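Reading the structure
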Amino acid sequence: MVSERMKGLGTARSVIRELFEYGKLRAAQVGAENVFDFSLGNPSVPAPDAVNDTAIRLLQEQSDLIHAYTSAQGAADARERFADSLNRRYGSHYTAGQLYLTVGAAASLCCVFNGLACPGDEFIVFAPYFPEYKVFIEGAGAKMVLIPPEIEAFQIDFDAFQASLSPKTKGVLINSPNNPSGVVYSRATLERLAGILTEKSREYGHPIYLISDEPYREIIYSGVDVPWGPHIYRDTIVCYSFSKSLSLPGERIGYVLVPGDITDSGDVYAAVAGAGRSLGYVCAPSLFQQVTSLCCDMTSDITVYETNRNLLVTSLREMGYHVVEPGGAFYLFPRTLESDDMAFSERAKQLDLLVVPGSGFGAPGHVRISYCVQTETIRRALPKFKELADFYK
Ligand code: PLP
């Protein structure tokens, strides 16, 4: 006998993975240069040289210590460096004691949901959304309440949002810059959200926490403002990761920030740490606690993502696709040219163009294009996008 729920999760098919696996098989048949795989969100630029240099230096200088366990919440010096970096950027006063280091944004989110959720609690999520949220929230014994997408700009459908709030709402999850739309929530959107949350927290007599999932915080394009959540809504908990900004997804490193001024901050931090303990997410990889904390003020060279965004947005619009311009991350989420996004993705696949149906992200009628690839790959894929558009004319 095994847990049916876990068995289900372990065997469920993932459209993204299936497309990726198909791409590898197809590449073996027709040559990798003839398959245009836009399925995965793996950064295409290397980590900065300083990351590798720092790792090598630490391995040489501290070979006896660097592989040791740290405190469960992460080494104090690493947490201090992260707090100092945030304080320099945002003029805040965070301390090491407000940071819990863990294995990427996925674990950060799991620690927060497990730390906050009491029986009957609900967390609100806005479509389009990263599909793992449902797994994380339900894994914490809570219910995910999904708000349908606002497809004109991928901001927030406030009427639907207000209708979904109830005394059961424990938290609201946002992800900006967003996977899969690439859209950044505007200051006006966040201020309106904060106003509603403040009012409803008062009405229900308990805080509604805003959980800000920010693995793409640093991947933003010229002229785009990414407001710092805790400055707009006090009860904000931040989940961060170095997977994308420093191109380190395989090193599994990130943190939860529980600002000291949120409601019941001491309890929330203790519960996040307790969740980390119960899930086994203690003591994030020691080497990369040090490396990322020494390199946290830099990013990989992300200029290629903006080049790719510009090329795709301009070209796809010329071909007749409807595209909301991303302000960051490395995803584009155009409307499909037929209402069935699965059929559209399948037709694209016939042209060796691998794009992910939007249904899985809670936004049918769209596909996700992950453009964290070489610009040359996009250039060579454009005739395929054109052929696809022409098919529907
Ligand atoms: N949140 C979002 C929106 C993501 O896109 C991802 C990964 O792609 C994650 C969380 C998980 O990131 P990590 O690799 O840091 O666990």
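Right, let's walk through the structure included here. Counting starts from 1 at the beginning of each chain's written sequence and moves along it residue by residue. In keeping with the model being predicted, local features are shown solely for residues with a pLDDT of at least 70 and side-chain atom pairs are shown and tallied solely at 80 or more, while totals for entire chains, interfaces and linings include all residues. Working from all heavy atoms in the structure, the side-chain values ignore hydrogens and water.

1. Considerations on the sheet that holds strand E8 (residues 254-257)
Any two strands with at least two DSSP-identified bridges between them are counted as paired. Numbering of helices and strands runs from the N terminus; a helix is a DSSP stretch of H or I covering at least four residues, while a strand is a stretch of E covering at least two. Spatial ordering of the open sheet is given by E2-E8-E7-E6-E5-E3-E4, a layout of seven strands whose pairing is mixed. If you trace the sheet from one side to the other, it starts and ends with strand E2 (99-102) and strand E4 (143-147), each paired once. The average angle at which neighbouring strand axes cross in this sheet is 20 degrees, direction not considered. Two elements, E2 and E8, share four bridges in a ladder whose sense is antiparallel. Considered in E8, the bridge of Leu 99 is made with Leu 257. Any two residues having at least one pair of non-hydrogen atoms within 4.5 Å are treated as being in contact. In this analysis an axis means a line fitted to C-alpha atoms, helices contributing only their contacting stretch, and an angle means the value between N-to-C directions, from 0 to 180 degrees. Against the sheet, helix H10 (residues 265-279) engages E2, strand E6 (209-213), strand E7 (236-241) and E8, with an angle of about 15 degrees to E2.

2. Some points on the pattern of salt bridges
What makes a salt bridge here is a side-chain nitrogen of Lys or Arg within 4 Å of a carboxyl oxygen of Asp or Glu, nothing more. For the structure shown, the criterion picks out 23 salt bridges. Glu 346 serves as the salt-bridge partner of Lys 349, at 3.8 Å between the closest nitrogen and oxygen. Here the residue Lys 349 and the residue Glu 346 both occupy positions in helix H13 (residues 341-350), the gap between them amounting to three residues, near one helical turn. Salt bridges here are not isolated pairs; linked through shared partners, they connect Arg 89, Glu 214, Arg 217 and Glu 218.

3. As for the pairing of strand E3 (residues 122-126)
Most of E3 is tucked away, with five of its five residues classed as buried. Pairing geometry for E3 and E4, over five bridges, is parallel. If you follow Val 125 over to E4, its bridge partner there is Leu 146. For the handedness criterion, the β-α-β arrangement of E3, helix H6 (residues 132-139) and E4 is classed as right-handed. Note that E3 and strand E5 (residues 169-174) share four bridges and pair parallel. Each bridged residue has a counterpart across the sheet, and for Ile 124 the counterpart in E5 is Val 172. Only protein chains enter the calculation, and the probe is 1.4 Å; a residue is then buried if its accessible area is under 20% of its type maximum, exposed if over 50%, and partly exposed in between. Here the term right-handed applies to a crossover when the path leading from its first strand over the helix to its second strand runs clockwise, the strands being oriented away from the viewer.

4. Details of the layout of surface pockets
The pocket and cavity definitions rest on a 1 Å grid over protein atoms only: a 1.4 Å probe that fits but cannot leave marks a cavity, an open set with protein on both sides within 12 Å along at least five of seven lines marks a pocket, and residues lining either have an atom within 4 Å of a point. Grid points are joined across faces, edges and corners, and a volume is the space filled by probe spheres set on the points. Each pocket or cavity is described by its volume, and for the largest pocket that value is around 1200 Å³. Considering each element in turn, the lining of the largest pocket owes the most residues, six residues, to H6. Residues are grouped as follows: nonpolar covers Ala, Val, Leu, Ile, Met, Phe, Trp, Tyr, Cys and Pro; charged covers Asp, Glu, Lys and Arg; every other residue, Gly included, is treated as polar. Residues belonging to the lining of the largest pocket are distributed by class as follows: 22 nonpolar, nine polar and ten charged. Each of two domains, domain 1 (4-47 + 301-392) and domain 2 (66-294), supplies a minimum of three residues to the lining of the largest pocket. The computed volume of the second largest pocket comes to approximately 320 Å³. If you go around the second largest pocket, you meet 18 residues; those closest to its centre are Val 35, Asp 37, Phe 38, Val 373 and Thr 377. Where the lining of the second largest pocket is concerned, the elements lending two or more residues are helix H2 (15-30), strand E1 (36-37) and helix H14 (375-391). Of the residues contributing to the lining of the second largest pocket, the split by class is nine nonpolar, five polar and four charged. Reported domain spans reflect what an automatic or database domain assignment gives.

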